[in-house]
Amino acid sequence: MAFLLLFKSLILSQLLLLLLVSAHDGKCPPSFECGYLGQISFPFTITQRQDCGVLAIHGCDLKDPTAPKTIQLSNTTTTTTTRFPIVTSVDSKTITIADDVLRKNLHSKSCKTFNNYSLPPTSPLGSFYIKYNITMFRCNHSLTVTIPKFYNYSNCSDYNIYYYIPLNTAKAPGFKLPSSLAPCSTIQLPVRDQSTSDPFDFLSPQVLIQVELSDDCQKCHRHQRGQCQLNNEGKFYCLKGIGLSGIIIIGLLIIWYYKPRCVPGFYSNPYPETGSVYFGVPIFSYRDLEVATKKFDPSRELGEGGFGTVYYGKLQDGREVAVKRLYENNYRRVEQFMNEIKILTRLRHRNLVSLYGCTSRHCRELLLVYEYISNGTVASHLHQESTHPGFLPWPIRMKVALETATALAYLHASEIIHRDVKTNNILLDNTFCVKVADFGLSRLFPNDVTHVSTAPQGTPGYVDPEYHQCYQLTSKSDVYSFGVVLIELISSMPAVDMTRHKDEINLANLAINKIQKNAIGELVDTSLGFESDSDVKSKIVSVAELAFQCLQRDKELRPSMDEVLEVLRRIESGKDETGHLVHGAAAISPPSPDHDEVKLLRDMKLTPSPKAVTDKWDSESTTPNVSGQ
């Protein structure tokens, strides 16, 4: 028996070596290092390997990691020079750029603003569009145009600009282009906030460009697990590691190798969610999750995060779930995957998204199964993505702060660092109870994640400043990120906004400046009753002071999450008179589901927001896209 096991091991090792060599022969690496952007991967690439992606980022090879990273935009009829705007972040298929030319035009209220925005050139691999955009109509003065109902216009020297502002209502289905605007040309520009009708206020110099893979490339990349390439003639082809027959042979040999060690019930139970487990970890079969997600139908995609794509699913027992399909590049650590899953499934807390289970380590794909949270993220309620941006009343925001701190303190007590605390990872259920998400994947793949840009290092605007010195995140890094969340709850401002003054682009810097100048009132969302309610004012000031302590650059000066939680409890109870940190803990009693504010918010009809675990917007264009982009 020992000889047989040795023989099987030798055969398997040689085949895996052959597979490894074949898989990397002529292929692109899974990711590239790109300075402050971290690891970037397909569809993005570096200029030295433009064959490995759809869009190349310039400056990744510079020795200084803080040096600006840029992309090239296409030339337009209105400019003779190629433009290279600065890239501020990369996330899955979206790249965010800061356009200084557009910023200057908006600031000066120049009609040069109203030119169709240049995008990177398309290729057989994919095309690009502005993720949040508005369609405007540019009509020469020589044309006779009747202003359509509900439309606004801006007068320029040679033409008028017409545009439609939905004003907190979803665009009507079956929208048709007004006939009076048919002779006009259409332009699309990035948008940030349409609470105003002034285009110089609602247009944005921060542009989110989405990559749309071609059908051939999407089929190759997502379904065939190949790499999209262009040949010498610029035509598409799909590069794969080994032939189908080789995959089948190696797959059969792997099954043969592992068969004696398989756990009974792995494949025999047709409904694994009813009881099949692996050392206490619920196991789901690939087939059942395929059925639950309708074969991972793209229409069920909830979003793409750092480690994989998330799909909405419904199990045969009726449970709604969010199924995370991990990227293939993480497969090297299957054993650790299973060991860590065992730890994560034991984490049970009312304010953490529940991990229901995963696929077997022998499954062809690694899938994680989470509970489905339907009421969106805190970010979607605070910012522009809901029907009533910034409407969350103060008691609900205080509840969010308390419950998030409770969840983080629990994680830290379990020796788990979240590493990516942000309002997009704080979900809300239908009673506005907090559910913190993505608390486990950074633990699963802490050191050598190969697919994504920001997940292990955090998200711009929330990252501990000390990370850029030692490249190590600690529990005090979570405290810093939570401090940013507290400021978001106070101000309703995003963590990063390229339209703010350069010293205040990061919300943390803006908040520190205001607090140091004793100008907290200038930071607070006016809808919270800061000036009219003395109790609200007192609590907001105390929370701002706590956030200031969390945002200290020296991590040793920051409180622990237990201390933060204790102060928040004292603030909520009205007993925090000094603002000083104290040790100890008491039972938390957040507002119940019958709380007046919860009832009010539950009855509101909010625009659908990101569903769970990762963010994806239901409507990415604020007006009808008549240009077909």
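Quick note: structure is the one above.
Colleague: In this structure, what is going on with the overall build of the protein? I would like to understand it.
Modeller: A tally of helices and strands in the protein yields 16 helices and 23 strands. Relative to all contacts within the protein whose residues are 6 or more apart in sequence, the contacts with residues 24 or more apart total 63%. Put simply, the protein shows about 29300 Å² of open surface, and 52% of that area lies on carbon and sulfur atoms.

Colleague: What is the right way to read the sheet that holds strand β10 (residues 159-164) from this model?
Modeller: Remark on secondary structure: sheet strands pair via backbone hydrogen bonds, oriented parallel or antiparallel. Read from one edge to the other, the open sheet built from four strands follows the order β9-β10-β8-β11, with strand pairing classed as antiparallel. Each edge of the open sheet carries a strand with a single partner, namely β9 (151-155) and β11 (185-190). Across this sheet, the average inter-strand angle for adjacent strands is 30°, counted without regard to direction.

Colleague: So what exactly am I meant to see when it comes to the pattern of salt bridges here?
Modeller: Side chains bearing opposite charge may pair, as long as their charged atoms lie close to each other. In this structure the tally under the stated criterion is 16 salt bridges. When the shortest N-O distance is used, the salt bridge between E403 and R350 registers 3.4 Å. Highlighted residues: E403 in helix α9 (residues 394-413) and R350 in the loop between α7 (334-344) and β20 (355-359), separated in sequence by 53 residues. Given the relative accessible area of 48%, R350 is considered partly exposed. Between E371 and K435 there is a salt bridge; the shortest N-O distance is 3.9 Å. Within this pair, whereas E371 is found in strand β21 (residues 367-371), its partner K435 is found in strand β23 (residues 434-436), the two being separated by 64 residues in sequence. A single burial state applies to E371 and to K435, both of which are buried. Each of D100, R103 and K104 takes part in salt bridges that share partners, so that together they form one network.

Colleague: Looking at this structure, I do not really get the packing of helix α12 (residues 475-491) against helix α14 (residues 534-550). What am I missing?
Modeller: Relative orientation and spacing of two packed helices are given, respectively, by the angle between their axes and the distance between those axes. At a closest axis distance of 8 Å, the pairing of α12 and α14 adopts a crossing angle of 150°. In terms of orientation, α12 and α14 fall into the roughly antiparallel class. Read as a crossing pair, α12 and α14 show a hand that is left-handed. Residues V479, Y480, G483, L486, I487 and I490 of α12 pack against I540, V543, A544, L546, A547 and C550 of α14. Within the contact of α12 with α14, the residues separate by chemical class into eleven nonpolar, one polar and no charged.

Colleague: Got a minute to help me understand the packing of aromatic side chains in this structure?
Modeller: Here a ring pair, both rings aromatic, is described through the centre-centre distance and the interplanar angle of the planes. In this structure the tally under the stated criterion is eight aromatic pairs. Relative to F200, the ring of F114 has its centre 5.6 Å away and its plane inclined at 55°; by these criteria the two rings are tilted. Highlighted residues: F114 in the loop between α2 (100-107) and β7 (126-130) and F200 in helix α3 (residues 199-202), separated in sequence by 86 residues. Of the residues examined, F114 reaches a relative accessible area of 0% and is grouped as buried. For F200, a relative accessible area of 11% gives the class buried. Put simply, the rings of F137, Y151 and Y164 touch in pairs and so form one group of aromatic residues.

Colleague: Looking at this structure, I do not really get the side chain of K69. What am I missing?
Modeller: The residue K69 is located in the loop between β4 (55-57) and β5 (86-91) in this model. It turns out K69 is buried and unbridged, and the closest side chain with the opposite charge, D64, is 6.8 Å from it. Within the local environment of K69, its side chain forms a polar contact with the backbone oxygen of A67, the two atoms lying 2.4 Å apart. Apart from the residues lying within four places of it in its own chain, the contact partners of K69 are C34, G35, Y36, L37, I57, H58, G59, C60, D64, P85, I86 and V87.

Colleague: What am I meant to see in the sheet that holds β7 here?
Modeller: In space, the four strands of this open sheet follow the order β5-β6-β12-β7, with antiparallel pairing throughout. Since the sheet does not close on itself, it has two edges, and those belong to β5 and β7, each with one partner. The average angle at which neighbouring strand axes cross in this sheet is 25°, direction not considered. For β5 and strand β6 (residues 94-98), the ladder comprises five bridges, and the chain directions are antiparallel. What sits directly across from V87, in β6, is I97.

Colleague: When you look at the state of the cysteines in this model, what are you seeing that I'm missing?
Modeller: Put plainly, a disulfide is one covalent bond tying together the sulfur atoms of two cysteines. Within the structure shown, the criterion is met by six disulfides. Note that C28 is cross-linked by a disulfide to C52, the S-S spacing being 2.0 Å. Taking the torsion about the sulfur-sulfur bond, which here is approximately -90°, the covalent link between C28 and C52 counts as left-handed. Within this pair, whereas C28 is found in the loop between α1 (2-24) and β1 (32-33), its partner C52 is found in the loop between β3 (44-46) and β4, the two being separated by 24 residues in sequence. Of the two residues, C28 and C52, neither departs from the other in class, the shared state being buried. The disulfide bridge from C139 ends at C184, spanning 1.9 Å between sulfur atoms. Judged by the torsion about the S-S bond (110°), the C139/C184 disulfide is right-handed. Here the residue C139 occupies a position in strand β8 (residues 133-140), and C184 occupies one in the loop between β10 and β11, the gap between them amounting to 45 residues. You'll find C139 and C184 in the same group, each marked buried. Described in terms of the sequence order of its bonded cysteines, the disulfide pattern of the protein is 1-3, 2-4, 5-7, 6-8, 9-11, 10-12.

Colleague: Looking at this model, I keep getting lost on the nonpolar core. Mind explaining?
Modeller: Side chains of nonpolar character tend, in soluble globular proteins, to be buried together. Grouped together as the largest cluster of nonpolar side chains are 78 residues, with contacts concentrated most on F482, I487 and L568. The leading source of residues in this core is α9, at eleven residues. Each residue touching I487, except ones within four places of it in the same chain, is listed here: S492, L507, A511, I515, L523, A547 and L551. Counting 48 residues, the second-largest nonpolar core is a separate cluster that includes C28, C34, V54 and C228.

Colleague: I tried to follow the pairing of β6 on my own but got confused; where do I start?
Modeller: On a regular strand, each side chain points to the face opposite its neighbour's, so the side chains alternate between the two faces of the sheet. The element β6 is largely enclosed, with a buried count of five among its five residues. In this antiparallel pair of consecutive strands, β5 and β6, the connection spans two residues, and S92 shows a positive phi of 55°. Summarising the sheet, β6 and strand β12 (residues 206-213) pair through five bridges and their orientation is antiparallel. Bridge pairing in β12 places I97 opposite V207.

Colleague: What should I look at first to understand the side chain of D99 in this one?
Modeller: Checked against the element boundaries, D99 lands in the loop between β6 and α2. Polar side-chain contacts of D99 include one of 2.4 Å to the side chain of Y117. Residue contacts for D99: discarding those within four places in its chain leaves L73, R83, P85, Y117 and P205.

Reading guide: rules and limits
Residues numbered from 1 in each chain as written. Predicted model: local features only at pLDDT ≥ 70, side-chain atom pairs only at ≥ 80, totals over all residues. Heavy atoms only, no water. Helix = DSSP H or I, 4+ residues; strand = E, 2+ residues; numbered from the N terminus. Contact = heavy atoms within 4.5 Å. Areas by Shrake-Rupley, 256 points an atom, 1.4 Å probe, with all protein chains shown as cover. Pairing = 2+ DSSP bridges. Axes fitted to C-alpha atoms, helices over the stretch in contact; angles between N-to-C directions. Salt bridge = Lys/Arg side-chain N within 4 Å of Asp/Glu carboxyl O. Buried < 20%, exposed > 50% of the residue type's maximum accessible area, 1.4 Å probe, protein only. Parallel < 35°, antiparallel > 145°, perpendicular 65-115°, else oblique. Left-handed = near helix turned anticlockwise from the far one by under 90°. Nonpolar A, V, L, I, M, F, W, Y, C, P; charged D, E, K, R; others polar. Phe/Tyr/Trp six-rings, centres within 6.5 Å; stacked < 30°, edge-to-face > 60°. Lys, Arg positive; Asp, Glu negative; His and termini not counted. Polar contact = N/O pair within 3.5 Å; in protein donor to acceptor, adjacent residues only side chain to side chain. Disulfide = S-S within 2.5 Å. Core = buried A, V, L, I, M, F, W, Y, C linked by side-chain atoms within 4.5 Å.

Nothing here speaks to function; it is geometry throughout.
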